[in-house]
Amino acid sequence: MACHVLDNEQADNLVLSDDEGWESADQADQEDDSLAQCLLCPQIFPSATLVLEHCHEEHNFDLKNVRKKFDLDFYATIKLINYIRYRVVKAEDSSSDVVQDVSQDTIRSILEDEKYLQPILEDDPLLYGFEDDGDEIEAEAATGDDMPPGKRIKALEEQLERQRSEFEEYKEMVRRNFAEILKERIESATVVGESSKEDVKTVGAAGPTVNAEATRDDDTHYFSSYAGNDIHETMLKDAVRTEGYRDFIYGNKHLFKDKIVLDVGCGTGILSMFCAKAGAKKVIGVDNSDIINKARANIFENGLVDAITLLRGKIEQVTLPVQKVDIIVSEWMGYCLLYEAMLDSVLFARDKYLDPISGIMVPSHINLAISTLSDSDFFNDRVNFWNDIYGFKMSAMKEKIEEDVIVTSLSSKSLSSTPVTFCHFPLASVTVEELSFNNPFELVIDGGGDESTDTKKASREDEWREIDRLDGFVIYFDTFFLPHPAPYDSAAISANSRAETWKFYDPRSGGLGVAFTTGPYRTLTHWQQGVLLINGENAINKELEKGDKVAGTVEYRKSKVNSRELEIEMSWVVVRQDGAKGREANQLWHMR
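Reading the values: the criteria
Residues numbered from 1 in each chain as written. Predicted model: local features only at pLDDT ≥ 70, side-chain atom pairs only at ≥ 80, totals over all residues. Heavy atoms only, no water. Axes fitted to C-alpha atoms, helices over the stretch in contact; angles between N-to-C directions. Helix = DSSP H or I, 4+ residues; strand = E, 2+ residues; numbered from the N terminus. Parallel < 35°, antiparallel > 145°, perpendicular 65-115°, else oblique. Left-handed = near helix turned anticlockwise from the far one by under 90°. Contact = heavy atoms within 4.5 Å. Nonpolar A, V, L, I, M, F, W, Y, C, P; charged D, E, K, R; others polar. Pairing = 2+ DSSP bridges. Core = buried A, V, L, I, M, F, W, Y, C linked by side-chain atoms within 4.5 Å. Buried < 20%, exposed > 50% of the residue type's maximum accessible area, 1.4 Å probe, protein only. Phe/Tyr/Trp six-rings, centres within 6.5 Å; stacked < 30°, edge-to-face > 60°. Lys NZ or Arg CZ within 6 Å of the ring centre and 35° of its normal. Patch = residues over 30% accessible without salt bridge, like charges linked within 9 Å, V, L, I, M, F, W, Y side chains within 5 Å. Areas by Shrake-Rupley, 256 points an atom, 1.4 Å probe, with all protein chains shown as cover. Salt bridge = Lys/Arg side-chain N within 4 Å of Asp/Glu carboxyl O. Lys, Arg positive; Asp, Glu negative; His and termini not counted. Charge placed at Lys NZ, Arg CZ, Asp CG, Glu CD. Disulfide = S-S within 2.5 Å.

(A) Quick peek at the packing of helix H14 (residues 239-251) against helix H16 (residues 270-277). Packing of H14 against H16 leaves a shortest axis separation of 9 Å and a crossing angle of 20 degrees. The angle between H14 and H16 places the two elements in the roughly parallel class. Remark: the crossing between H14 and H16 carries right-handed chirality. Packed against H14, whose contacting residues are Thr242, Tyr245, Arg246, Ile249 and Tyr250, the element H16 presents Leu271, Phe274, Cys275 and Lys277 at the interface. Here the contact of H14 with H16 is composed, by residue class, of six nonpolar, one polar and two charged.

Okay, here's the thing in structure tokens:
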């Protein structure tokens, strides 16, 4: 049995001419609000009841029996009517084929699709004129022969009012594009599901104990944190981020035309919709957060249900409707790049689903950069602030303050060295194992100027400032989008590439590269920068001179407490221009 897909635009514009033997719902409404078209042929009837009788007698289709057979509730029946109308009117399938198809068990899976809640005919009388079996049984019991006529009429009026009330609720769903209704349904299902789960704690003589089978859960909080609007509003309002993806996708429509795209962690569906608008044949969005319910509504509202399929679950656990995809798009980057460990899932998807020859990763490369921080004002604001709070000392608040990575926005003037890349990620080939690393770096104390323009570079030479101390380190990342699959030419992208100055044009396809930075030299992003303050034990209070170097290693690893959290450990030494080395320092920071 073929499953025909309903297109929003097709449904909105479904008005057939008289010479085809059909009347539009609008035309019927002009004549009589109760006129109804047969489900399976062009005939018009003065009521929905007569339509259903005609379907039973002439087409051997009994809606009442089908509802009972498959235990269809009000909304499932709405979907069934719209599905039949689409098959007969738009797809022009024969009535006998349709009747046969809707009598098979496969109709259950078809009716799970929310798109069939969209009416084919505006104000279709059948959508509120079919009999509700539950109400019918109730009415038969309530309107027996021994019931006085007045009460019988009242009972029937109440039954009719319930049916009309359900239909009004359905029309409101269409108007609201199902966003709130879907959320209510999921929340209701979640409550029921939670009430049936076994409690992992048992109570014995010694009190509560944890079930031995209970395992550490690093994911529940992570996924639930993406369920609300706030975090998505923040990301969507980050124009650098969102427009970076949009500009690459819309600027390279030739890459997406007629392709199958996988969106890992689709969120509100914005990237999926970009890809669909760029001409993708099919976009599959996967997300394990409740936000996917609103994403479905967003896609429905924008008429993209034919192009986009959304799946709820972890990419490692869901089953895609295809064997391979042409493109994987994902906005997986976290603070200091690898916080939340989402890249692991993207690489799983790459290895399992991406075409190994022609597949494209979007984005294609990431450079992690580091610089030294020398900013007494920032240090005073974050650390020495606790020395005097309205005349009171709060030194206890400073304890371990240098142990956590601070996510904040800095001025480029806070940097005392030009940033360098300490890790280069080609996303077509990097492995999960390589996401834990210990890489070297070397920074030259030069005032931290912006090398993206000659003017800035010259001004840095002229306006050298004294660097009286080293307060910490700054980490950020640059994101690159190359418009072709691997292999990549090192002349096009490398560890030395900086998003502020990087440009790429592919003469073979006319594709344009796109890049953006989360560093302090350009427009602020929601990622900001990660600041690693040096503690008192490792403090370097001696003045740093121009040309001095800070050399060492940066180690990234997952936290043992929570795999979504990040630990950054550094070892470094100051090397003076005359070759003299200071004491080697080591420090660990947590991002949690």
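(B) Quick look at the sheet that holds strand S19 (residues 549-558). Pairing is antiparallel in the open sheet, where four strands are placed in the order S13-S19-S20-S21. The open sheet terminates on both sides in strands that have one partner only, identified here as strand S13 (437-444) and strand S21 (585-591). The average angle at which neighbouring strand axes cross in this sheet is 20 degrees, direction not considered. Pairing geometry for S13 and S19, over eight bridges, is antiparallel. Within S19, the position partnered with glutamate 442 by the bridge is alanine 551.

(C) Quick look at the nonpolar core. Membership of the largest hydrophobic core comes to 97 residues, with the highest contact counts inside it found for Leu262, Phe425, Tyr556 and Trp572. Every residue in contact with leucine 262, bar those within four places of it in the chain, is listed here: Ile284, Val286, Ile315, Leu320, Val325, Ile327, Ile328, Val329, Ala349 and Tyr353.

(D) Summary view of the packing of aromatic side chains. The tally for this structure, following the rule as stated, stands at 21 aromatic pairs. Between tyrosine 222 and tyrosine 226, the ring centres sit 5.5 Å apart and the planes meet at 70 degrees, which makes this aromatic pair edge-to-face. Ring centres of phenylalanine 516 and tryptophan 527 lie 5.9 Å apart, and the angle between their planes is 10 degrees; this geometry places the pair in the stacked category. Of this pair, phenylalanine 516 sits in strand S17 (residues 514-517) while tryptophan 527 sits in the loop between S17 and strand S18 (529-533), and the two are eleven residues apart along the sequence. Of the aromatic side chains, those joined through ring pairs into one cluster are Tyr245, Phe248, Phe256, Phe477, Phe481, Phe516 and Trp527. The residue whose ring lies beneath lysine 253 is tyrosine 250, and the NZ or CZ to ring-centre distance is 5.4 Å. A cation sits over an aromatic face here: arginine 469 above phenylalanine 379, 4.6 Å from the ring centre.

(E) Fine view of a negative patch on the surface. Where like charges cluster on the molecular surface, the negative patch consists of Glu466, Asp468, Glu543, Glu545 and Asp578. Its place among the elements puts aspartate 468 in the loop between helix H20 (454-462) and strand S14 (472-481). Judged by relative accessible area, aspartate 468 falls into the partly exposed class, the value being 46%.

(F) Expanded view of the state of the cysteines. All chains considered together, the criterion is met by zero disulfides. Of the cysteine sulfurs around cysteine 41, a residue in no disulfide, the closest is that of cysteine 38, at 3.5 Å.

(G) Examining helix H17 (residues 291-301) more closely. By the burial criterion, the buried members of H17 are Ile291, Ile292, Asn293, Ala295, Ala297, Ile299 and Phe300. Remark: glycine 303 follows H17 within two positions and exhibits a positive phi of approximately 70 degrees.

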